[in-house]
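Examining the three-dimensional arrangement
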Amino acid sequence: MALDKNGIAKRIAQELKDGWYVNLGIGIPTLVANYIPEGVEVEFQSENGVLGMGPFPFEGEEDADLINAGKQTITVRKGAAFFDSAMSFSMIRGQHVQLTVLGAMEVSQNGDIANWKIPGKMVKGMGGAMDLVASAENIIVAMMHSNREGESKILKKCTLPLTGVGCVKKVVTELAVLEIRDNKFYLIERAPGVSVEEIIAKTEGDLVVPEFVPEMAL
Amino acid sequence: MNKVVKNVEEALVGIEDGMTLMLGGFGLCGIPENSIAQLVKMGVKDLTCISNNAGVDDFGLGLLLHGRQIKKMISSYVGENAEFERQMLSGELIVDLIPQGSLAERCRAGGAGIPAFFTPAGYGTEVAEGKEVREFNGKPHILEMALTADYAIVKAWKGDTEGNLIFKATARNFNPMMAMAGKITIAEVEELVPAGELDPNDIHTPGIFVQRIFKGEKFEKRIEQRTVRVRN
C-alpha cells in the first residue's frame, strides 16, 4: 500500500546520520523530526534563526517570539542557539548544514527541482529554498509521486519555474525511493505492497529498474 | 548619545510618499507593529517595502497593502496573504521575489559597505535573469546587489537610550541587518532602559546603527500558526 505522509517522513528519517545538522522544509519534511532513529543525534536548523529545535510547546506555553520557518510555534532543546537571518544562511551557504529535506511540485531526472511558483496561478515565493538547494550537499525531496490531476511529478524535464538546477540526488514518495544519477531516476526501494509496475506507470522520467526491488523496511 | 524619541509619531517623522522602507520580521514574528500602525495612520503611499514577508490580510504589512500604500514589495515569501497575491497577479503591485538568504545578505551588504556579492542561490532560475554569472571553484554564482533604505524600521526586545538593541529568540531574524542598512534606522522596543543597564556583552545591534528609539505602546504579537502538543 502507498505510504501516507508519516510513512514518507519515517523512511526519510532512516537517512539521518549521527552528528548531522539538518534543515527540514515545510509540510512532510517537518514530520521527519518525529522519527529520529534510536542512537542517532541530530540538530534541527530552521532558517529563520534557530539551531536545536524541539517539539511543539504544550498548550498555553506558546511564545510568539519563538517560531520555525513555517511560522509554527516551537520549543528549543538544551544547547539551542538563536541568530539572525544572515548568519542562518551563512550556515546554509557555507555548507555547515549536512542535510536538507524539502517538498517539491516537480523533480526532473537531471536533478532540477521546482517548488515555488505556478505562473499566473500561484506565487508564494521561494523563501529559503533556492539558497538551500544551491548549497546543500545532501538534498532529499519528500513529495507525492503524482499531482491532484494524477499527472506524474517525476519528470524528464520540469515544466514549472525552477528552484534549483541539478541539485536533487534522492526522492522519497508514497510509492518509492528514487536516486538521481547520470540523468536518470534509479528505483531503489518500493513502498510495502506497491508493485514495480505501478511505479513505472506513474513515473514520466526515465526510470532504471533493477531485477529485484526491495520493499522499504519501516 | 541619546536616541530616544517620545513616541511613534515622532519616530516616523520624515517618512514620505515614494520612499523605500525596510521592515524587520519573519512572518508576524519580530515585526515593528506600532510603526506599521502609524504608517497606516500617516497614509504615506507609493512605498517600496523590503521585508521578508508581507504579513497576513489583517495584520503586519497586510494593513499597508489593504490601503494600497505599497507600490513595490521586495520579499522572499508571501504565501500567507491573499490580498497580496491578488494585487500581484492583477499587476497593481510590483513584486520582486528574491531568495531569503540573498535578501538577508543584500541587507547586510548594504549596511556593511559591500556593493555586491556572488552567491550560488538562484543560478539557473528566473532569479538569475539579467544578472552577471561567474564561476568560482567550478560552480556558477550570480551577482547580487546590496540593498539600502531611506528608513529601516526594526523591532527589538530591549533597547537602551544609546540605541543598543537586544532581540528575543527568533524575533531577531532580519532586524539586525536591516538596522545596519537604513539611512535612518528606527527601533521600537518592548523595554527601554537607561544606558548602562544592558550588559555590553549581550548587545546584538550596537547603537551606532540606530538613530531613533522608542518604547512601543502595545505589542499584540499575533501568532500565525499556533501549534501545540498534548500533555500526557
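Counting restarts for each chain, with residues numbered from 1 along the sequence as it is written. Numbering of ligands from 1 and lettering of chains from A proceed in the order in which they are written. Since the coordinates come from a predicted model, pLDDT governs what is reported: local features require at least 70, and pairs of side-chain atoms require 80 or more to be given and counted, while whole-chain, interface and lining totals use all residues. Side-chain measures here rest on the full set of heavy atoms in the structure, leaving out hydrogens and waters.

A short note on the nonpolar core
Soluble globular proteins tend to bury their nonpolar side chains together. Take the buried residues of types Ala, Val, Leu, Ile, Met, Phe, Trp, Tyr and Cys, join any two whose side-chain atoms come within 4.5 Å, and each joined set is a nonpolar core. Exposure is judged per residue with a 1.4 Å probe applied to protein chains only, and the accessible area is read against the type maximum: over 50% gives exposed, under 20% gives buried, and values in between give partly exposed. Core analysis: the largest hydrophobic core is formed by 50 residues, its most contacted members being Ile-12, Val-22, Val-107, Ile-113, Val-141, Val-168 and Val-171 of chain A. Should any heavy atoms of two residues lie within 4.5 Å, those residues are considered in contact. Each residue touching Ile-113 of chain A, except ones within four places of it in the same chain, is listed here: Leu-102, Gly-103, Ala-104, Glu-106, Val-133, Val-141, Cys-158, Leu-162, Thr-163, Gly-164, Cys-167 and Val-168 of chain A. Core analysis: the next-biggest nonpolar cluster, separate from the first, contains 39 residues, Trp-116 of chain A together with Met-19, Ala-54 and Val-127 of chain B among them.

Here we look at the interface of chain B and chain A
At the interface, 52 residues of chain B touch 49 residues of chain A. Buried surface at the junction of chain B and chain A, both sides included, amounts to about 4300 Å², of which 58% is carbon and sulfur. Considering only the surface of chain B that becomes buried against chain A, Thr-170, Thr-227 and Arg-229 of chain B emerge as the three largest contributors, covering 16% of it. Every case where a carboxyl oxygen of Asp or Glu lies within 4 Å of a side-chain nitrogen of Lys or Arg is listed as a salt bridge. Our count for the contact surface shared by chain B and chain A stands at six salt bridges. Within 3.5 Å is the distance limit for a polar contact, defined as a pair of N or O atoms, with the added protein rule that one can donate a hydrogen and the other accept it, and that residues adjacent in sequence qualify only through two side-chain atoms. On the surface where chain B and chain A come into contact, there are 28 residue pairs in polar contact (both at pLDDT 80 or more). Strands here mean DSSP runs of E at least two residues long; helices mean DSSP runs of H or I at least four residues long; both are numbered from the N terminus. Of all elements in the fold, only α4 (82–89), α5 (100–112) and α6 (175–181) of chain B reach the threshold of two or more residues within the side of chain B that touches chain A. Here the side of chain B that touches chain A takes six residues from α5 of chain B, the largest share from any one element. Split by residue class, the side of chain B that touches chain A holds 22 nonpolar, 15 polar and 15 charged. As a working definition, buried area equals the accessible area (1.4 Å probe) given up by two parts on being put together, with both sides summed. Under this grouping Gly is polar, as are all residues other than the nonpolar Ala, Val, Leu, Ile, Met, Phe, Trp, Tyr, Cys and Pro and the charged Asp, Glu, Lys and Arg.

With respect to the packing of helix α3 (residues 85–93) of chain A against α5 of chain B
To obtain an axis, a line is fitted to C-alpha atoms, over the contacting stretch when the element is a helix, and the angle between two such axes runs from 0 to 180 degrees between their N-to-C directions. Between α3 of chain A and α5 of chain B, the least distance of the axes is 9 Å, while the angle of their chain directions is 125°. Considering their axes alone, α3 of chain A and α5 of chain B lie oblique with respect to each other. Between α3 of chain A and α5 of chain B lies a crossing of left-handed hand. Within the contact between the two elements, α3 of chain A uses Ser-85, Ala-86, Phe-89 and Arg-93 of chain A and α5 of chain B uses Gln-100, Gly-101, Ser-102, Ala-104, Glu-105 and Arg-108 of chain B. In this scheme, roughly parallel covers angles under 35 degrees and roughly antiparallel covers those over 145, while 65 to 115 is roughly perpendicular and the rest are oblique. By convention the crossing between two helices is left-handed if the near helix lies anticlockwise of the far one by an angle smaller than a right angle, and right-handed if it lies clockwise.

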